[in-house]
Amino acid sequence: EKAGYEHFMLKEIHEQPTSIQKTFAGKLLELEGTVKMDELYLTPEQIKQLRRATIIACGTSWNAGILGKYLFEKLTGIHTDIETASEFRYGNPVLCGEELTIAITQSGETADTLAAVRSSKSYGCRAIAITNVVGSTITRESDSVVYTRAGPEIGVAATKTFTTQLITLYMLAIYLGRGRGVLTAEDSKNLIVNIKRLPGQIQKILNRKKKIKECAEQFADKRDYFFIGRYLNFPIALEGALKLKEISYIHAEGYAAGELKHGPLALITEDTPVVAIATKGHTYDKILSNIKEVKARNATVIAVANDDDTEIEKYADVVLRIPSSHEMTSPVLSSVVLQLLAYYTALAKDCSIDKPRNLAKSVTVE
Ligand code: F6R
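Computed from a predicted structure; not experimentally measured.

A. A look at the site of the ligand. Near the ligand there are 14 residues, and of these S61, T105, S107, T110 and E246 occur at the shortest range. The contact in question runs from an oxygen atom of the ligand to an N or O atom on the backbone of Q106, over 2.8 Å. Contacts to the ligand include A158, whose backbone N or O atom sits 2.9 Å from an oxygen atom. Considering the ligand on its own, with 400 Å² of exposed area, one finds that the protein chains cover 91% of that surface.

This is the structure in structure tokens:
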């Protein structure tokens, strides 16, 4: 069942090249610089008129949603909010009914997400669901459904469902961005080329996982960990911290790197490994400054950086490499590194990886 892997989680991490490929199969029209998304049932006129979107999700899916917000605002020009489903339900959302609600839920059964979608629909919003489970409750509650094609995920920690959610968000953003005339065909082609490269690039990361394992083992006895990133790498830092805490039980915090000096820097000591996602992009120099801030507190810095980055070794103690990709698509690669880091840390601590304590695969209670 585990196809020779020690845990479902490791098997599912290794399935990502295939699950991503399946998720975008037949949808990426590279020559035209567009994406096929007939399942949305939106007319060209409706797409042009969209003014606002609200992404609703929990946990790992919420982390994917933060990246979704950045992608939407950059590529479609639609003002986009991201809300935790359990907060959205009991807040006072100001919705006028012309907005899009995008629910992200791999199981399609998360009670809070379902209730939040029902609530947004009561204002007249149009709901799109991104889910991995055909026929799940969310598919009946939404106006349209875009499926991730990750296949069954048995490990409680979401891995391949997360990265396929990201792929789906890229496709949605490109589709809407092209339809609204915000994204040029040329920029869209460039993104599509980079998305198509991801499966092969993930395979490369998997082939070199030994270095990630060694790093995990080196720090497996630490009590606290920090994960920092900026812009598109911020949600990846949150997700890296969530994965580590849920399966290895190490206290981990994910932070927008610019926020460190507003409080959490007080917790950084020589005993705190800080994972900094330092891939190339327009915030690269900023994250280098943040790395210097934590180095000044004697923290050990583990950087996730591109293969062609020749500077980073001057700043970081350990460098975990990913192939070079577009600034917008490299978060997918970084997240695979952090999944492996969490996995090997939990393995070194002999934790119950596929069934962490206190957690369930699908949270059908409020
Ligand atoms: C973490 C994890 C959870 C889920 C969350 C939402 O690894 O799996 O945080 O992401 O419970 O679940 P779905 O996506 O099914 O709504």
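B. Examining the packing of aromatic side chains more closely. In this structure the tally under the stated criterion is 4 aromatic pairs. A centroid spacing of 6.1 Å and a plane angle of 20 degrees characterise the contact between F226 and Y255, whose relative ring orientation is stacked. Of this pair, F226 sits in strand β8 (residues 224-229) while Y255 sits in strand β9 (residues 251-256), and the two are 29 residues apart along the sequence. Taken together, a centroid distance of 5.1 Å and an interplanar angle of 80 degrees make the contact between Y343 and Y344 edge-to-face. Relative accessible area serves as the criterion here: at 0%, Y343 is assigned to the buried category. Take Y344: its relative accessible area is 6%, and that puts it in the buried class. Against the face of Y284 rests K280, its NZ or CZ located 5.0 Å from the ring centre.

C. The arrangement of the side chain of E246 in detail. Here E246 shows up in helix α11 (residues 234-248). If we ignore the near neighbours within four places in the chain, the residues touching E246 are A157, P356 and L359.

D. Structural context of unusual backbone geometry. For Y231, which is not a glycine, the phi torsion comes out positive at approximately 50 degrees. Take Y231: it is sitting in the loop between β8 and α11. One non-glycine residue, N358, lies in the positive phi region at around 70 degrees. For N358, a relative accessible area of 77% translates into the label exposed.

E. Structural context of helix α12 (residues 284-295). Taking 1.5 Å as the rise per residue, α12 with 12 residues should run 16 Å; its terminal C-alpha atoms sit 17 Å apart, in good agreement. Residues of α12 that are buried include every one of Y284, I287, L288, N290, I291, E293 and V294, and no others. Its buried side turned inward, α12 meets β8, β10 (273-277) and β11 (300-306).

F. Inspection of the sheet that holds strand β12 (residues 318-322) at higher detail. Overall, parallel pairing links the 5 strands, which are arranged β9-β8-β10-β11-β12 in an open sheet. Every interior strand has two partners, whereas the edge strands, β9 and β12, have only one. With strand direction ignored, the average angle separating the axes of adjacent strands in the sheet is 20 degrees. Pairing of β8 with β10, which is carried by 3 bridges, proceeds in the parallel orientation. The partner of I228 across the bridge, within β10, is A276. Helix α10 (residues 209-218) contacts β11 and β12 of the sheet and is inclined by roughly 150 degrees relative to β12.

G. Layout of the sheet that holds strand β3 (residues 52-57). Spatially, 5 strands are ordered β4-β3-β5-β6-β7 in an open sheet, and the strand pairing comes out parallel. The strands lining the two open edges of the sheet, one partner per strand, are β4 (79-84) and β7 (144-147). Strand-to-strand, the axes of this sheet are offset by a mean angle of 20 degrees, without reference to chain direction. Bridge count for β3 against β4 is 6 bridges, and the pairing is parallel. Counted as the bridge partner of A53 is T80 from β4. Seen against the sheet, helix α6 (residues 111-122) touches β3, β5 (100-104) and β6 (126-131) and runs at an angle of roughly 170 degrees to β5.

Reading the values: rules and limits
Counting restarts for each chain, with residues numbered from 1 along the sequence as it is written. Where totals are concerned, whole chains, interfaces and linings use all residues; where local detail is concerned, this predicted model gives features only for residues with pLDDT of at least 70, and gives and counts side-chain atom pairs only at 80 or more. Side-chain figures throughout are based on the complete set of non-hydrogen atoms in the structure, without hydrogens or water. Whether a residue is near a molecule or strand depends on its heavy atoms: if one lies within 4 Å, it is near. Definition of a polar contact: a pair of N or O atoms within 3.5 Å, with one able to donate and the other able to accept a hydrogen when the atoms are protein atoms, and with sequence-neighbouring residues admitted only if both atoms are side-chain atoms. Reported accessibility uses the Shrake-Rupley method at a 1.4 Å probe radius. Residues are deemed covered only where the shown protein chains occlude them. We call Phe, Tyr and Trp rings a pair once their centres come within 6.5 Å, taking the six-membered ring for Trp, and we label the pair stacked below 30 degrees between planes, edge-to-face above 60, and tilted otherwise. Labels follow the DSSP assignment, with helices taken as runs of H or I lasting at least four residues and strands as runs of E lasting at least two, numbered in each case from the N terminus. Working definition: with a 1.4 Å probe on protein chains only, accessible area under 20% of the residue-type maximum means buried, over 50% means exposed, and in between means partly exposed. Cation placement over rings: the criterion is NZ of Lys or CZ of Arg within 6 Å of the ring centroid and within 35° of the ring normal. Contacts between residues were defined by any pair of non-hydrogen atoms, one from each residue, lying within 4.5 Å. Take the residue count of a helix, subtract one, and multiply by 1.5 Å to get its expected span. Here the rule is simple: two strands pair whenever DSSP picks up at least two bridges between them. Structural elements are reduced to axes, namely lines fitted to C-alpha atoms, with helices fitted over the stretch in contact, and the angle between N-to-C directions of any two is expressed from 0 to 180 degrees.

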